[in-house]
Amino acid sequence: MSVSDPQTLRLGFSPCPNDTFIFHALLHGGVPAPLPLQPHIADVEELNTLARRGALDVTKVSLGVVPWIMENYALLSAGAALGWGCGPLVVAREGMPPAAWRTASLAVPGAMTTANLLLTLHGGFHGSRRAMLFSEVMPAVARGEADMGLVIHEGRFTYERLGLVKVLDLGQWWEKEYHLPLPLGAIAVRRDLPHPVALALQEAIAASLARAQAAPEATREFVRAHAQEMEQAVTEAHIKTFVTEFSLDLGTAGRAAINNLVGRAAVLQGKRLPADGLFLSEE
């Protein structure tokens, strides 16, 4: 693809129900795209890695990776996973007091995930961390391969099935600490993509989500085909939790939450926020 004359857009998103719900109409002709889309569906940590390489034109990313990509990518106001009561959970085989958290070993769903960033920002966990696919975290804890696990996505609804207990809700910690909704992921677009194309794509993602919300039954087969958890009730709970008012438009509160989190992450990495900001210009 030539950036000066793009013919297709390489679009990355995860197989999680919130993403497939949002992008269904855009990929199935319900909403026109500004250019033909070439989808790449992958675990969010793979998408984070591809974004660091600049390999995708537009992609879902964890906020934890933004300090590493913000010079080359801007964030869109549509398509984000951000809200209240949606935070990652720390789980274990049995209850553990805070004194034991400091040295406990942890299974985490990728080093660049927002969940792992929140664990660092919390400051109470200094044990070893083993990165793996999010779907492997809970089984690893249940087998005793880690003292604790960092659970994201639909795992927050199913961890008890493996005999695990919740030790900490990092979303509740964030909300109490900063009085902001918790930003988990956002859609990033290459800054060298023509601005009218990037703006049109942002509008198309918002329209795709609005279409899904108006007719959710149309998305079900596509969502089910990619979901880790096939139980309909879990899938619906996932979408309700991670697709929020901020997914349609971040608004002032959503942008403030992202600036807060990414700003703290940038300090950890010794980086500065871009002079023109994190977000795609609306002009």
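Here is what the cut-offs are and how they apply
Residues numbered from 1 in each chain as written. Predicted model: local features only at pLDDT ≥ 70, side-chain atom pairs only at ≥ 80, totals over all residues. Heavy atoms only, no water. UniProt positions renumbered as here; feature names shortened; annotations may be inferred. Buried < 20%, exposed > 50% of the residue type's maximum accessible area, 1.4 Å probe, protein only. Helix = DSSP H or I, 4+ residues; strand = E, 2+ residues; numbered from the N terminus. Pairing = 2+ DSSP bridges. Phe/Tyr/Trp six-rings, centres within 6.5 Å; stacked < 30°, edge-to-face > 60°. Disulfide = S-S within 2.5 Å. Contact = heavy atoms within 4.5 Å. Polar contact = N/O pair within 3.5 Å; in protein donor to acceptor, adjacent residues only side chain to side chain. Expected span 1.5 Å × (residues − 1). Salt bridge = Lys/Arg side-chain N within 4 Å of Asp/Glu carboxyl O.

The name given to the protein chain in an unreviewed UniProt entry is 1,4-dihydroxy-6-naphtoate synthase, with Desulfovibrio legallii as the source organism. Among the UniProt annotations of the protein chain, the heading Pathway (unreviewed entry) holds the following wording: "Quinol/quinone metabolism; menaquinone biosynthesis." The heading Catalytic activity (unreviewed entry) in the UniProt record of the protein chain holds the text "cyclic dehypoxanthinylfutalosinate = 1,4-dihydroxy-6-naphthoate + dihydroxyacetone".

### Overview of the pairing of strand β11 (residues 182-190)
Across the nine residues of β11, nine count as buried, placing the element largely inside the fold. Pairing analysis gives five bridges linking strand β3 (residues 58-62) to β11, with the strands arranged antiparallel. Residue T59 lies in a different strand from β11, and its bridge partner there is A188. Pairing analysis gives three bridges linking strand β4 (residues 73-75) to β11, with the strands arranged antiparallel. When the sheet's bridge partners are listed, Y73 is paired in β11 with R190. Two elements, strand β5 (residues 81-83) and β11, share three bridges in a ladder whose sense is antiparallel. What sits directly across from L82, in β11, is P183.

### A few points about the packing of aromatic side chains
Applying the stated criterion to the full structure yields four aromatic pairs. Plain terms: the ring middles of W101 and F125 are 5.2 Å apart, the flat faces sit at 5° to each other, and that makes the pair stacked. Highlighted residues: W101 in helix α4 (residues 98-101) and F125 in the loop between α5 (114-122) and β8 (129-131), separated in sequence by 24 residues. For the residue pair W101 and F125, the accessibility class agrees, reading buried in each case. Geometrically, the ring pair formed by W173 and Y178 is edge-to-face, given 6.1 Å between the ring centres and 85° between the ring planes. The residues W173 and Y178 share a single accessibility class, namely buried.

### Some words on helix α1 (residues 17-27)
Of all eleven residues that make up α1, ten are buried, and the element is covered over most of its length. Among the residues of α1, P17, N18, D19, T20, F21, I22, F23, H24, A25 and L26 are the ones counted as buried. Positive phi shows up at G29, right after α1, with a value of about 80°.

### Points about the state of the cysteines
Under the criterion given, the structure shown has zero disulfides. Of the cysteine sulfurs around C16, a residue in no disulfide, the closest is that of C86, at 13 Å.

### Looking at the side chain of S77
Within the secondary structure, S77 sits in the loop between β4 and β5. The buried category is assigned to S77, whose relative accessible area is 7%. Excluding anything up to four places from it in sequence, S77 contacts Q202, F246, S247, L248, D249, L250, R255 and E282.

### Looking at the UniProt feature "binding site: substrate" (unreviewed entry) in the protein chain
When the UniProt feature table is mapped onto this chain, "binding site: substrate" (unreviewed entry) is found at K60, V61, S62, T114 and A115. Within the fold, S62 resides in strand β3. With sequence-adjacent residues up to four places away left out, S62 is seen in contact with V44, N48, M112, T113, T114, L184 and G185. You can see T114 is positioned in helix α5. A residue is classified by how much of its surface remains accessible, and T114, at 3% relative accessible area, is buried. Ignoring any residue separated from it by four or fewer positions in sequence, one finds T114 in contact with S62, L63, G64, P183, L184 and L261. A polar contact is formed between the side chain of T114 and the backbone nitrogen of G64, at a distance of 3.3 Å.

### Observations regarding helix α13 (residues 251-269)
An ideal rise of 1.5 Å per residue puts 27 Å on 19 residues; α13 measures up with 27 Å between its terminal C-alpha atoms. Among the residues of α13, G254, A257, I258, L261, V262, G263, A265 and A266 are the ones counted as buried.

### Topic: the side chain of N18
For N18, the position within the fold is in helix α1. Leaving out residues up to four positions away in the same chain, N18 has contacts with K60, A81, H238, I239, F242 and V243.

### Details of the UniProt feature "active site" (unreviewed entry) in the protein chain
The UniProt record annotates "active site" (unreviewed entry) at H153. Look past the residues within four positions of H153 in its chain and what remains in contact with it is C16, V44, F134, H238 and F242.

### Quick look at the pattern of salt bridges
Overall, the coordinates contain ten salt bridges when judged by the stated rule. D57 is paired through a salt bridge with R10; the nearest N and O atoms lie 2.9 Å apart. One end of the pair, D57, is in the loop between α2 (44-53) and β3; the other, R10, is in strand β1 (residues 9-13), and 47 residues separate them in sequence. On the basis of relative accessible area, D57 is assigned to the buried category, the value being 1%. Given a relative accessible area of 26%, R10 falls into the partly exposed group. Of the charged contacts in the structure, one is a salt bridge between R161 and E231, with a shortest N-O distance of 2.9 Å.

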